[in-house]
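Each chain, written out:
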Amino acid sequence: MTQVIVVGAGHWGRNLVRNFSELGALSGVVEVDPYLRQEIAKEYPGVSLYENYNKALQSEVSAFIIATPAPTHYQISLKALQAGKDVFIEKPITLRIDEARHLAEYANLNNQVLMVGHLLLYQPAIRWMEEYLATGKAGKILHIAAQRVKLGKVRQNENVWWSFAPHDISVVLQLLGQPKLKSITASGQAMLQPGIEDNVHVHLTFEDGATAHIHSSWYWPQLARNTVIIGSQQMLFYDEVSQKITIYNKGVDGEFNTRDEGSEVIEIQNPQPLRTECQHFIDCVKSRESPISDGWNGVAVVEILEKASELLHG
């Protein structure tokens, strides 16, 4: 059985610790906070605990899960790869495109598994839509609009774009078949803290002509997490909160007349994307196959994150 060491047992790290434990794959946890180490020791007796990351790298465990703050991802992940470990990194893979490329290239060169925690790619609804679009029933995909907004926790070390948008960027790229980016425009407002955007709109144009719009905000009156797909034959609306997909059999014909032939609601049952994501990493370590959200998927997401940030900050 593949065993892993989770590095970082903070809020999200604890979720990863729990899931890998329930999968029977948790060997150890690295955590510098002594209080959190005590909590892990009580909850997971028998699991090795490390306060020193370098000591954990000396273990025989071959796979590491990186759930530390994003600014540390590059150095910690690179050390793990250099130690011969397979690596799962929470999103975003890094905060710089050159660092992301270096990790992806290093993993490829040394035949190591590198996976990024783009959780929504393991959401059953996203997989369903990807398979549905592949049938061609919706026609050519012209535009995708993603919205992730709420009145949420405001960060001081990152803006809402870097916090929320990796989810939606990864979905847009997956549903469009990993297209090449042609151009990007971005606008945002820093209403609460100078230089830290709370509300961001980004428009993407791809070389095949498809477009996408992403709206991210943690200063918004309503909770909304949804994706709209505009096809030449049909339109889809995915409500992430209710886990429902609505297929609208409507559009505009060659004479510019509107057509509306009703809709159909698809309910997605028992979504457990985090468990699916963790199992996928274990399976890839065993099979040596490339993950759905591999290092290059992480590179593509960071490229868009970084280019939009450059536009937001002039």
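Check the entry above for the structure.
Worth saying up front: this structure is predicted, and the values here are computed from it rather than measured.

Thresholds, definitions, all that
- Residues numbered from 1 in each chain as written.
- Predicted model: local features only at pLDDT ≥ 70, side-chain atom pairs only at ≥ 80, totals over all residues.
- Heavy atoms only, no water.
- Core = buried A, V, L, I, M, F, W, Y, C linked by side-chain atoms within 4.5 Å.
- Buried < 20%, exposed > 50% of the residue type's maximum accessible area, 1.4 Å probe, protein only.
- Helix = DSSP H or I, 4+ residues; strand = E, 2+ residues; numbered from the N terminus.
- Contact = heavy atoms within 4.5 Å.
- Salt bridge = Lys/Arg side-chain N within 4 Å of Asp/Glu carboxyl O.
- Pairing = 2+ DSSP bridges.
- Axes fitted to C-alpha atoms, helices over the stretch in contact; angles between N-to-C directions.
- Expected span 1.5 Å × (residues − 1).
- Bend = angle between axes of the 7 residues up to and from the residue.
- 1 Å grid on protein atoms, 1.4 Å probe; cavity = no way out; pocket = protein on both sides within 12 Å on 5 of 7 lines; lining within 4 Å.
- Points joined across faces, edges and corners; volume = space filled by probe spheres on them.
- Nonpolar A, V, L, I, M, F, W, Y, C, P; charged D, E, K, R; others polar.

A. Spatial organisation of the nonpolar core. Counting 99 residues, the largest nonpolar core has Phe20, Tyr53, Phe64, Trp161, Ile169, Leu204 and Phe281 as the members making the most contacts within it. Top contributing element to this core by residue count: helix α7 (residues 160-175), with ten residues. Apart from residues lying up to four places away in sequence, Trp161 is in contact with Pro166, Ile169, Val200, Val202, Ile214, Ser216, Ile304, Leu305, Ala308 and Ser309.

B. Geometry of the pattern of salt bridges. Under the definition given, this model contains 14 salt bridges. For the salt bridge of Arg148 with Asp168, the shortest nitrogen-to-oxygen distance reads 2.9 Å. Here the residue Arg148 occupies a position in strand β7 (residues 141-151), and Asp168 occupies one in helix α7, the gap between them amounting to 20 residues. Among the residues examined, Arg148 registers a relative accessible area of 7% and is labelled buried. Classification of Asp168 as buried rests on a relative accessible area of 2%. Members of the salt-bridge network, linked through shared partners, are Arg148, Asp168, Arg225 and Glu240.

C. Seen up close, the sheet that holds β7. Taken in spatial order, the eight strands make up an open sheet running β8-β9-β10-β7-β11-β12-β13-β14, and their pairing is mixed. In this open sheet, the two edge strands, each paired with only one partner strand, are β8 (181-189) and β14 (258-267). Each neighbouring strand pair of the sheet contributes to a mean axis angle of 15°, computed without reference to strand direction. Bridge count for strand β11 (residues 219-231) against strand β12 (residues 235-239) is five bridges, and the pairing is antiparallel. When the sheet's bridge partners are listed, Ile230 is paired in β12 with Met235. The sheet strands contacting helix α9 (residues 295-312) are β8 and β9 (199-206), and the helix crosses β8 at an angle near 50°.

D. Quick look at the pairing of β14. Bridge count between strand β13 (residues 244-252) and β14: eight bridges; the pairing is antiparallel. Looking at the pairing, Lys244 lines up with Glu267 of β14. Here β13 folds back onto β14 in antiparallel fashion, the turn holding five residues, of which Phe256 has a positive phi close to 65°.

E. Unusual backbone geometry, seen in detail. Cis peptide bonds are those with omega within 30 degrees of zero, and the linkage from Lys91 to Pro92 qualifies with -10°. Here Pro92 shows up in the loop between β5 (86-90) and α5 (97-109). Of note, the phi angle at Asn111 is positive, near 55°, even though the residue is not glycine. Tracing the sequence through the fold places Asn111 in the loop between α5 and β6 (114-117). Among the residues examined, Asn111 registers a relative accessible area of 63% and is labelled exposed. Phi at Gln178 is positive, roughly 55°, even though this residue is not glycine. Relative to the helices and strands, Gln178 resides in the loop between α7 and β8.

F. Spotlight on α7. An ideal rise of 1.5 Å per residue puts 22 Å on 16 residues; α7 measures up with 23 Å between its terminal C-alpha atoms. Considering bend angle alone, the principal kink of α7 is centred on Pro166 and spans about 45°. α7 sits mainly inside the fold: 16 of its 16 residues count as buried. After α7 finishes, the residue Gly177 shows a positive phi value of roughly 80°.

G. Layout of the layout of surface pockets. The volume enclosed by the largest pocket comes to roughly 1300 Å³. Lining of the largest pocket is provided by 38 residues; of these, Trp12, Lys91, Arg155, Glu158 and Ser163 occupy positions nearest its centre. When residues of the lining of the largest pocket are traced back to their parent elements, those giving at least two are α1 (11-22), β7, α7 and β11. Here the element with the most residues in the lining of the largest pocket is α7; it accounts for four residues. The residue makeup of the lining of the largest pocket, split by class, is 15 nonpolar, 13 polar and ten charged. Taken as a whole, the second largest pocket encloses approximately 200 Å³ of empty space. What lines the second largest pocket is a set of 14 residues, among which Asn108, Gln112, Val113, Leu114 and Ser290 lie closest to the centre. Within the residue set of the lining of the second largest pocket, elements represented by two or more residues are α5 and α9.

So yeah, pure geometry; function would need other evidence.
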